[in-house]
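Observations on chain architecture
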Amino acid sequence: MSSPPGIRLETSRDGARANLRIEIPPVNVLDVGALGELARQVVAARMARVLVLTGLPKAFSAGVNMADHLPDPVRIDRMLSAMRGVLVSLVETPAITLAAVSGACLGGGAEILLACDLVLVAEDARVGFPEIRLACFPPGAAALLPGRIGEARAAEWILSGKTHSGKEAAEAGLASRAVPAERLARETEWLAESLSTRAAGGLSCALEVLRKTRREALEQRLPAAEEAYRKLAGSEDLARAVRGFPRSRR
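Bear in mind that the values here come from a model prediction, so they are computed numbers and not experimental data.

1. Side note on the pattern of salt bridges
Applying the stated criterion across every chain yields a total of 17 salt bridges. Among the salt bridges present, the one from Arg 40 reaches Glu 37, with a minimum N-O distance of 3.1 Å. In this pair, Arg 40 and Glu 37 both sit in helix α1 (residues 32-44), 3 residues apart, roughly one turn of the helix. The residue Lys 212 makes a salt bridge to Glu 216 at a minimum N-O spacing of 2.5 Å. Of this pair, Lys 212 and Glu 216 both sit in helix α9 (residues 212-230), 4 residues apart, which is roughly one turn of that helix.

2. Some points on the environment of Leu 114
Turning to its location among the elements, Leu 114 is positioned in helix α3 (residues 108-114). Its relative accessible area of 1% is what places Leu 114 among the buried residues.

3. Remarks on α1
Here α1 is 13 residues long and its end C-alpha atoms lie 18 Å apart, about the 18 Å a rise of 1.5 Å per residue gives. Taken together, the buried positions of α1 are occupied by Val 32, Ala 34, Leu 35, Gly 36, Glu 37, Leu 38, Ala 39, Gln 41 and Val 42. The N-cap of α1, judged by a side-chain oxygen 3.2 Å from the amide nitrogen of Gly 33 a few residues on, is Asp 31.

4. Focus: the packing of aromatic side chains
Enumeration according to the criterion identifies 1 aromatic pair in this entry. Residues Phe 137 and Tyr 229 carry aromatic rings whose centres are separated by 5.6 Å and whose planes lie at 50° to one another, so their mutual orientation is tilted. Of this pair, Phe 137 sits in the loop between β10 (126-128) and α4 (139-149) while Tyr 229 sits in helix α9; the two residues are 92 residues apart in sequence, bridging distant segments of the chain. When sorted by exposure, Phe 137 lands in the same class as Tyr 229, which is buried.

5. Observations regarding the sheet that holds β10
Reading across from one edge, β5-β8-β10-β11 is the order of the 4 strands in this open sheet, with mixed pairing throughout. Each end of this open sheet is capped by a strand with a single partner; those strands are β5 (59-61) and β11 (163-165). Within this sheet the neighbouring strands show an average axis-to-axis angle of 20°, counted without direction. In this sheet, β10 lies alongside strand β8 (residues 104-106) in parallel orientation, the contact comprising 3 bridges. Looking at the pairing, Cys 105 lines up with Val 127 of β10.

6. Some details on the pairing of strand β7 (residues 96-101)
Of all 6 residues in β7, 6 are buried, a share of seventy percent or more. Side chains of β7 alternate between two faces, with Ile 96, Leu 98 and Ala 100 and Thr 97, Ala 99 and Val 101 buried alike. As paired strands, strand β4 (residues 50-54) and β7 are joined by 5 bridges and run parallel to one another. Paired with Thr 54 across the two strands is Ala 100, which belongs to β7. Pairing of β7 with strand β9 (residues 118-122) involves 4 bridges; the strand directions are parallel. Counted as the bridge partner of Ala 99 is Val 119 from β9.

7. Some thoughts on unusual backbone geometry
In this model, Pro 25 is joined to Pro 26 through a cis peptide bond whose omega is 5°. Turning to its location among the elements, Pro 26 is positioned in the loop between β2 (17-22) and β3 (29-30). Of note in this structure, Asn 28 is not a glycine but carries a positive phi near 55°. Summarising the element assignment, Asn 28 is placed in the loop between β2 and β3. With relative accessibility at 0%, the residue Asn 28 sits in the buried group. Although it is not a glycine, Ala 135 sits at a positive phi angle of roughly 70°. Summarising the element assignment, Ala 135 is placed in the loop between β10 and α4. A relative accessible area of 26% places Ala 135 in the partly exposed class.

What counts and how
- Here the residue numbering is sequential within each chain, running from 1 through the sequence in written order.
- A pLDDT threshold of at least 70 governs which residues receive local features in this predicted model, and a stricter bar of 80 or more applies before side-chain atom pairs are shown or counted, although totals over entire chains, interfaces and linings include all residues.
- The side-chain quantities take in all heavy atoms of the structure and omit both hydrogens and water.
- For this document, the term salt bridge refers to a Lys or Arg side-chain nitrogen within 4 Å of an Asp or Glu carboxyl oxygen.
- The secondary structure listing takes helices from DSSP runs of H or I that are at least 4 residues long and strands from runs of E that are at least 2 residues long, numbered from the N terminus.
- Exposure is judged per residue with a 1.4 Å probe applied to protein chains only, and the accessible area is read against the type maximum: over 50% gives exposed, under 20% gives buried, and values in between give partly exposed.
- Multiplying 1.5 Å by the helix residue count minus one yields the expected span of that helix.
- Two N or O atoms count as a polar contact when they lie within 3.5 Å, although within protein this holds only if one can serve as hydrogen donor and the other as acceptor, and sequence-adjacent residues are included solely when both atoms are side-chain atoms.
- The criterion for an aromatic pair is that two Phe, Tyr or Trp rings (for Trp, the six-membered ring) have centres within 6.5 Å, with stacked assigned to planes under 30 degrees apart, edge-to-face to planes over 60 apart and tilted to the rest.
- Note on pairing: two strands pair once DSSP finds at least 2 bridges between them.
- Helix axes are fitted to C-alpha atoms over the stretch in contact, other axes to C-alpha atoms as well, and angles between N-to-C directions run from 0 to 180 degrees.

Below, the structure written as structure tokens:
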């Protein structure tokens, strides 16, 4: 099984494993179209036992296209809806979701991790939510990050906009564990293969319980976070930040 260039889904012959690769050089910046395709492919992989998400060696994802943050209500609504679609698809898929992260994983890219069941990260990866430096904030992280690393630490991560190493992300609880970069692919393969052999019934029951906090956050906290974000639509601070952002990174 395959998908259009940029977002590639590959399923094992027995259907137990699916690999979803984000490959949009140079740093996997995600526009609304890419987010929509990502959500569609997560749904397409729902029959797999394990769904592994990977990016490029230098970037799992540097985040959402800055052009989609323009202070235009329609554009912002489309971006929020597209990101919500990805997060919901990851939390609702029957497959165990495992993200393998190397390089930069920032903003919307890091929000994707928060919806996954398991996250393996290279020790030298860079993980964070820098949106506050651009006069906005990450709604998905505002909803999901407290459940992952606690309210106080989540507030610091979001309000400071600081970027953390993969090792720090694992220590905080955002990632399951950090491994040397050269071992990331091997450790991911081993874990995915191990999970794919587990009994489906037990996995399904465990996921139902383990995802409860994430589901509640998406149902109860995310709408309020999105509404707060919409207030930025007319912000001159946001418009100035987007105009000043390097075009090469939009």
